[in-house]
Amino acid sequence: MASMQKSSVVEGNQKKGLSAWWGRELRKARKGKFLLLLMVPGLIYYIIFHYIPIGGLIISFKNYKPGLGIFASPWAANFGFKHFIRFLSTPDVWNYIWNTIALSLLHIVWLFPLSIILALFINELKSVHFKKVVQTVSYLPHFVSVAAVAGMLTMFLSSQGTSASAGDYLNEGIINQFLLKMGIIDEGISFLDKTSWFRTIYIASDVWQSIGWSAIVYIAALSGIDQELYEAATIDGASRLQKMWYISVQLIKPTIVILLVMQVGKIMSLGSDKALLLQREVTYPKSQILSTYVYNMGIGKGQFDYASAVGLFNSIINVFLVIGANFASKKLTETSLW
Amino acid sequence: MVKDNSISSKVLDVIIYISLIFLMIVVLYPVIYIFSVSVSSTTAYESGRVVFLPVEFNIQAYKVIFEAGTIPRSFVNSVIYTVVYVVISLLFSTTMAYPLSRAKERVAFKGFMSKLVVFSMFFSAGTIPNYIIVKNLGLMNSMWALILPSAISTYNLVVLRSFFEAVPESLEEAAFIDGANEITIFWKIMLPLSKAALATVGLFYGVYMWNSWFNAMLYLQSDTKYPLQLIIRQIIMQNQMAAELAAMGDTSMMTENTTNTESLKYATLFLSIVPMLAVYPFIQKYFVKGVMVGSVKG
């Protein structure tokens, strides 16, 4: 067995080119079909649900007529680029692109430091029992669905504009009940209908949902640090804050850098799930991001060709961002993401 | 470890404990509040007296929900979708991940297959072409529209492959020498050894399906097929409660002091998160393991 493997390796190094590759793989297949056969269901899955849809992106260059199907539909004007030109010349679009980036950036700016601080704090705990309780509790929101989180936000923040003098709080959510009772506001505020509140609500609930979960990686990295380092520092007279900064933070820096770079690579690929649930038409100036725009134009208004062009534009940018992120990660930490 | 009894160290401890306790309150409060409103009387809620614990305890809202049937039915739908999805996706993922974890001398077309998989991580066609393919396959309004398009998550595939790769090669070599073939090795050695890995990835898939709503909204038209999360979205987001109530044909909750649409909303919301609340403390350790494998090897 071992000698057989060795000979095929040598062979593989000698011959190059497509037909040589094909012949080599076929010879392997003749020797053992089982592992190849195992991959057939997966292969079919990837072809049908990834590669055929990628072929279907051709719709972005067509004037799609549902009756004709994608391929029989006529090509769009401007050498097929009609939808892209329309997209890039819509003034609101730059706003939507900025909304996507702004939400991703805010997510990074808040969640990154907070989850690192949480990990550092948990690492300082001496009681194993309390540590476990804190971790378990902080993971809870990760298992709550986005729909339920959006439901909570909608109900907690809802308002029919009840005035403070009304005395009862029918249809006022807990937040408005509290603010009215405290006399901070005179009239209930329907927060989700206010454009200026959208980002705050979105990011605050993001932090609520993922702070504990994002801290896992750092907690694991911290637990791998050699305890002798801390002891040596203590003997040298370092305070606990100094040890946190000069030992803990410095030693998990590679982890932080990799995760940060990965996050930056995803800056334009913010999913539509949560934004769709939280957005109202009045808050579009802040709540419409690229992925929700694709949904609203495509599924909502039935403009499949145009929405698909927007999606394709977004996907191409994402590819470049991810490749750039990988390159940056290689340079900074000598760790490649794949 | 050397003890540090300085004042600054004590102050730090106080800050740490206060912030961690604050975090736990912030996490738990909304969940407890939802439960409290769902079992409090309408008058108590409307006069703003429900702040933390239930006031004028009653379970009218839950009675109404269980008598009406919409929510129990969607609950059952969610359970069915989740179970079928976990079985299908584990089958597809295991059969794909195992060959990709073996030496390339043993697996024909391995390089080609891994390129196929990796490329799909970078570039996806997006919502619209996926929607069109599901429609053209005739999957609209069926359970399979939720299950098949996400049968393999490439992230989970990578996690599974890493687990398989961690099984020492010497085990297989010994089996080969004893005359075992690939099928025996896969079935009798690798699968039994990776039970924990399969459980982990199965849980990933299960939680994903239980919590998802977007594909259900895209592909399902008849509301008898809706999963629970989509009902949540409908009831809460679109204020369809009035229509729901009419459909329930029950007017008893319209009468004074029993319950109102608010406590029904809160009760529905609570029912949607309670299964996860019940199981997550037991499954979280598998998730943590999976996150670690995924972040190191991914």
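## Considering the overall build of chain A
Part 1: Within chain A, the regular secondary structure consists of 18 helices and 0 strands.
Part 2: Here the C-alpha radius of gyration of chain A, 27 Å, is well above what a compact globule of 338 residues would show, namely 20 Å.
Part 3: C-alpha extents for chain A along the principal axes are approximately 85 × 75 × 35 Å.
Part 4: With 338 residues in all, chain A has 36% of them scored as buried.
Part 5: A separation of at least 24 residues holds for 62% of the contacts in chain A among residues at least 6 apart in sequence.

## Here we look at unusual backbone geometry
Peptide bonds are, in most cases, trans, and in most cases residues other than glycine have a negative phi.
Part 1: The backbone of A:Asn78 sits at a positive phi, close to 55°, despite the residue not being glycine.
Part 2: Along the chain, A:Asn78 falls in the loop between α5 (69–72) and α6 (82–88).
Part 3: By the C-beta count within 10 Å, which is 12 here, A:Asn78 ends up exposed.
Part 4: Its identity is not glycine, yet B:Phe109 carries a phi of approximately 65°, on the positive side.
Part 5: Position of B:Phe109 relative to the elements: it lies in the loop between α4 (70–101) and α5 (110–122).

## Quick notes on the interface of chain A and chain B
Part 1: Opposite the 78 residues of chain A that make contact, chain B presents 77 residues.
Part 2: Take the side of chain A that touches chain B: its biggest share by element is 11 residues, from helix α4 (residues 40–56) of chain A.
Part 3: Grouping the constituent residues of the side of chain A that touches chain B by class yields 51 nonpolar, 19 polar and 8 charged.

## Some remarks on the confidence of the model for chain B
Residues and elements named next belong to chain B.
Part 1: In the predicted model, chain B carries a mean pLDDT of 85, and 89% of its residues have values of at least 70.
Part 2: Contacts for the low-pLDDT stretch residues 240–247, under 50 throughout, to residues beyond four places or in other chains number 9 contacts.
Part 3: Predicted confidence is poor over residues 249–259, with pLDDT under 50, and the contacts of this stretch with residues over four places away or in other chains come to 18 contacts.
Part 4: For this predicted complex, the interface confidence score (ipTM) comes to 0.86, while the overall pTM stands at 0.88.

## So, the nonpolar core
Soluble globular proteins tend to bury their nonpolar side chains together.
Part 1: A:Tyr218 and A:Val310 are the most contacted members of the largest nonpolar core, which has 130 residues in total.
Part 2: Per-element accounting of this core gives the leading share, 11 residues, to helix α11 (residues 198–223) of chain A.
Part 3: Both domains that meet at this core, namely domain 1 (7–68 + 239–297) and domain 2 (70–219) of chain B, each give it at least three residues.

Basis of the calculations
Residues numbered from 1 in each chain as written. Chains lettered and ligands numbered in written order. Predicted model: local features only at pLDDT ≥ 70, side-chain atom pairs only at ≥ 80, totals over all residues. Helix = DSSP H or I, 4+ residues; strand = E, 2+ residues; numbered from the N terminus. Rg over C-alpha atoms; globule rule 2.2 N^0.38 Å. Buried ≥ 20, exposed ≤ 12 C-beta atoms within 10 Å, placed from the backbone. Contact = placed C-beta atoms within 7 Å. Nonpolar A, V, L, I, M, F, W, Y, C, P; charged D, E, K, R; others polar. pLDDT = per-residue confidence, 0-100. Core = buried A, V, L, I, M, F, W, Y, C linked by C-beta atoms within 7 Å. Domains from an automatic or database assignment.

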